[in-house]
Amino acid sequence: MAVLEIFKYPAPVLKRPAKPVDQISPELLQLIDDMIETMYAAPGVGLAAPQVGRSCRVIVFDANRDESERSPMALINPEIIFAEGEFCMEEGCLSAPELNVEIKRKGQVKVKALTREGKEVIIEAKEFPAVLLQHEIDHLDGKLIIDYLSGLKRSLYKRKLKRKEEKEKN
Ligand SMILES: [Zn+2]
C-alpha cells in the first residue's frame, strides 16, 4: 500500500468526467487499497480516483466518524438511482484546501455500484453519508465544491490560492 499524491484544484484531471471501469483488475484493487490509505493519511472521509490523478469511476469513503473504528468502503461505477429530500452542511475537500462550502444536497440517496469483489450492491444513505456519496460521485463527473460557489466567491478563492502559491514560491 502507498500514500498517493492528492491532486489539487485547478488540476485538469479534477475537471474531467471519469471513465467507467470495465474490468476489476489487480491494478484496480491496488489503486483502491492505495486510495484508502491515502484517505486515512490525509486525513479525510472520502476520496475519488480523479483526486489521485486517475480518471476512473472509483470512490472510497468511511462515513464512520469515530476514528477508532475504521470501516472503509470502495465503490466501483457508483450511480445515484434514487434521491429525495434535502440536507445542507458545510463541506470541505482534500482537493480544495482552505475552503468550506455550504451545499444544499439530497437528504437521502440510493446508490448502485459494484464492490471490489465485483458484486452489485445498492447502498442507502441518509444525511451525512448521503452527502459524502454525492460529493464523491460529483468528483467522477468533474464537479468540485468550488463549482457550487457564486462567481464572486469563486474568484476570491482563486485569488487566495494564487497568493498562497506566490508565498510558497518565495
Ligand atoms: Zn472532494
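A brief report on the enclosed structure follows.

Calculation notes
- Residues numbered from 1 in each chain as written.
- Predicted model: local features only at pLDDT ≥ 70, side-chain atom pairs only at ≥ 80, totals over all residues.
- Heavy atoms only, no water.
- Helix = DSSP H or I, 4+ residues; strand = E, 2+ residues; numbered from the N terminus.
- Buried < 20%, exposed > 50% of the residue type's maximum accessible area, 1.4 Å probe, protein only.
- Contact = heavy atoms within 4.5 Å.
- Areas by Shrake-Rupley, 256 points an atom, 1.4 Å probe, with all protein chains shown as cover.
- Donors = N, O, S within 2.8 Å, 3.2 Å for Na, K, Ca; no water.
- Salt bridge = Lys/Arg side-chain N within 4 Å of Asp/Glu carboxyl O.
- Expected span 1.5 Å × (residues − 1).
- Pairing = 2+ DSSP bridges.
- Axes fitted to C-alpha atoms, helices over the stretch in contact; angles between N-to-C directions.
- 1 Å grid on protein atoms, 1.4 Å probe; cavity = no way out; pocket = protein on both sides within 12 Å on 5 of 7 lines; lining within 4 Å.
- Points joined across faces, edges and corners; volume = space filled by probe spheres on them.
- Nonpolar A, V, L, I, M, F, W, Y, C, P; charged D, E, K, R; others polar.

1. Re the overall build of the chain
- Along the chain, the regular secondary structure elements total three helices and seven strands.
- Secondary structure elements of the chain occur, N-terminal to C-terminal, as α-β-β-β-β-β-β-β-α-α.
- Considered along the principal axes of its C-alpha atoms, the chain spans approximately 50 × 40 × 35 Å.
- Within the chain, the fraction of its 170 residues that count as buried is 42%.
- Long-range pairs, those at least 24 residues apart, make up 64% of the contacts in the chain between residues at least 6 apart in sequence.
- Working note: accessible area of the chain is about 9700 Å², and carbon and sulfur atoms make up 49% of it.

2. Thoughts on the coordination of the zinc ion
- Here the zinc ion is held by the protein donor atoms C93 (SG), H135 (NE2) and H139 (NE2), which lie 2.0 to 2.3 Å from it.
- When the donors of the zinc ion are listed by position in the chain, the intervening gaps give C-x41-H-x3-H. Linking C93 in strand β4 (residues 87-93) with H139 in helix α2 (residues 128-140), this pair joins segments that are 46 residues apart in sequence.

3. Looking at the pattern of salt bridges
- Per the stated rule, a full pass over the model turns up six salt bridges.
- When the shortest N-O distance is used, the salt bridge between D147 and K15 registers 3.2 Å. Remark: K15 occurs in the segment before α1 (26-41) and D147 occurs in the loop between α2 and α3 (151-169); sequence separation between them is 132 residues.
- With its nearest N and O atoms 2.9 Å apart, the salt bridge here joins R105 to D138. A residue pair is termed long-range when its members are at least 10 positions apart, and R105 in strand β5 (residues 96-105) and D138 in helix α2 qualify at 33 residues.
- By relative accessible area, which is 6% here, R105 ends up buried.
- Each of E91, R105 and D138 takes part in salt bridges that share partners, so that together they form one network.

4. Brief notes about α2
- With 13 residues, α2 ought to run about 18 Å at 1.5 Å a step, and its terminal C-alpha atoms sit 19 Å apart, in line with that.
- Listed in full, the buried residues belonging to α2 are F128, A130, V131, L132, L133, Q134, H135, E136, I137, D138, H139 and L140.
- Just beyond α2, the residue with positive phi is G142, at close to 75 degrees.

5. With respect to the sheet that holds strand β2 (residues 58-61)
- The sheet built from five strands is open, its strands ordered β1-β2-β3-β6-β7 with antiparallel pairing. This sheet does not close on itself; its edge strands, each paired only once, are β1 (46-48) and β7 (120-126). Averaged over neighbouring strand pairs, the angle between their axes works out to 40 degrees when direction is ignored.
- Pairing between strand β3 (residues 73-84) and strand β6 (residues 108-114): six bridges, direction antiparallel. Note on β6: the bridge partner recorded for A83 is V109.
- On the sheet, α1 packs against β1, β2 and β3 and is oriented at approximately 35 degrees with respect to β2.
- Across the sheet, α2 touches β1, β2, β3, β6 and β7, and the angle it forms with β2 is around 150 degrees.

6. Some words on the layout of surface pockets
- One number sums up the size of the largest pocket: a volume of about 270 Å³.
- Lining the largest pocket we find 17 residues, and of these V45, G92, F128, L132 and H135 sit closest to its centre.
- Those elements that provide at least two residues to the lining of the largest pocket are β4 and α2.
- Take the lining of the largest pocket: its biggest share by element is six residues, from α2.
- Classifying every residue of the lining of the largest pocket by side-chain character gives seven nonpolar, six polar and four charged.

7. Notes on empty space enclosed by the protein
- For the structure on display, the rule yields one cavity of 30 Å³ or more.
- The volume enclosed by the largest cavity comes to roughly 30 Å³.
- In terms of residue class, the lining of the largest cavity is built from three nonpolar, two polar and three charged.

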